[in-house]
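So you can see what is in the structure, the chains are spelled out below.
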Amino acid sequence: MRIAAFVRAKKLAQASTALVVTTALMGIPAGSAGATEADCDSIAFDSFQNVGSATVYAYGRTVHLLNGYSSQHSYARIYDGYQPGDLVWVDRSINPMPSSVPTYFSDNSYVTSRGGWKQCGPFNDRTTLQVTNWDTATQEHFAVRACFRPRDGQPSVCGSWYVDRIYGY
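From a predicted model like this one, the values you see are computed outputs, not experimental measurements.

Observations regarding the packing of aromatic side chains
Consideration 1: All chains considered together, the criterion is met by six aromatic pairs.
Consideration 2: Between Phe-105 and Trp-161, the aromatic rings sit 6.4 Å apart at their centres with planes inclined by 20°, giving stacked as the arrangement. Taken as a pair, Phe-105 in strand β6 (residues 104–105) and Trp-161 in strand β13 (residues 161–163) lie far apart in primary sequence, 56 residues in all.
Consideration 3: Relative accessible area serves as the criterion here: at 0%, Trp-161 is assigned to the buried category.
Consideration 4: Through a chain of ring-to-ring contacts, three or more aromatic side chains come together here, namely Phe-105, Tyr-110, Trp-117 and Trp-161.
Consideration 5: The lysine or arginine in question, Arg-92, covers the ring of Phe-142, its NZ or CZ lying 4.0 Å from the ring centre.

Pasting the structure below:
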């Protein structure tokens, strides 16, 4: 019992140190308030599909934005080229997007003009946690995008913003 508690405490200390070092090295992209797991939303179990037009291809990696069929959640995943030490996260607009915003866009001005975005991550892994992309109670849509930074410290890359319009609102 004591050994198990010691091992858990050691792993927690290592993880905390890695997060501090990783966050300091990576340079959080403009528009995000300090990036933490607290900026992720609840987890939904669902069938997720690749949002092809929001895929990132850079530095020998393929990073997909995945969207739930029925859960109104999205997350990012490095599918091809993952190397231990790569960082991946998903950004989500803080405020809902108006219906006039296109389904896909690369310009940050839409999101910035609506209050900016939160960053779910970064995660030193292939996959992020999830963010909500559509609020079923208020019928409001949020913009989401997948981002990553390769382990060798090259600049971060993000895909297109995506607004899930599956329900036509």
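Having put the structure on the table, let's press on.
What to know about the pairing of strand β11 (residues 143–149)
On a regular strand, one side chain projects to one face of the sheet and the next to the other, so that they alternate.
Consideration 1: The buried count for β11 comes to seven of seven residues, which makes it a mostly enclosed element.
Consideration 2: The alternating pattern of β11 places Ala-143, Arg-145, Cys-147 and Arg-149 and Val-144, Ala-146 and Phe-148 on opposite faces, both of which are buried.
Consideration 3: As paired elements, strand β5 (residues 87–93) and β11 share six bridges and run antiparallel to each other. In the strand pairing of β11, Trp-89 is matched with Cys-147.
Consideration 4: For β11 and β13, the ladder comprises two bridges, and the chain directions are antiparallel. Directly across from Val-144, in β13, lies its bridge partner Tyr-162.
Consideration 5: Here two bridges tie β11 to strand β12 (residues 157–158), and the two strands are oriented antiparallel to one another. The residue bridging Phe-148 from the neighbouring strand is Val-157, located in β12.

Calculation rules
- Residues numbered from 1 in each chain as written.
- Predicted model: local features only at pLDDT ≥ 70, side-chain atom pairs only at ≥ 80, totals over all residues.
- Heavy atoms only, no water.
- Phe/Tyr/Trp six-rings, centres within 6.5 Å; stacked < 30°, edge-to-face > 60°.
- Helix = DSSP H or I, 4+ residues; strand = E, 2+ residues; numbered from the N terminus.
- Buried < 20%, exposed > 50% of the residue type's maximum accessible area, 1.4 Å probe, protein only.
- Lys NZ or Arg CZ within 6 Å of the ring centre and 35° of its normal.
- Pairing = 2+ DSSP bridges.

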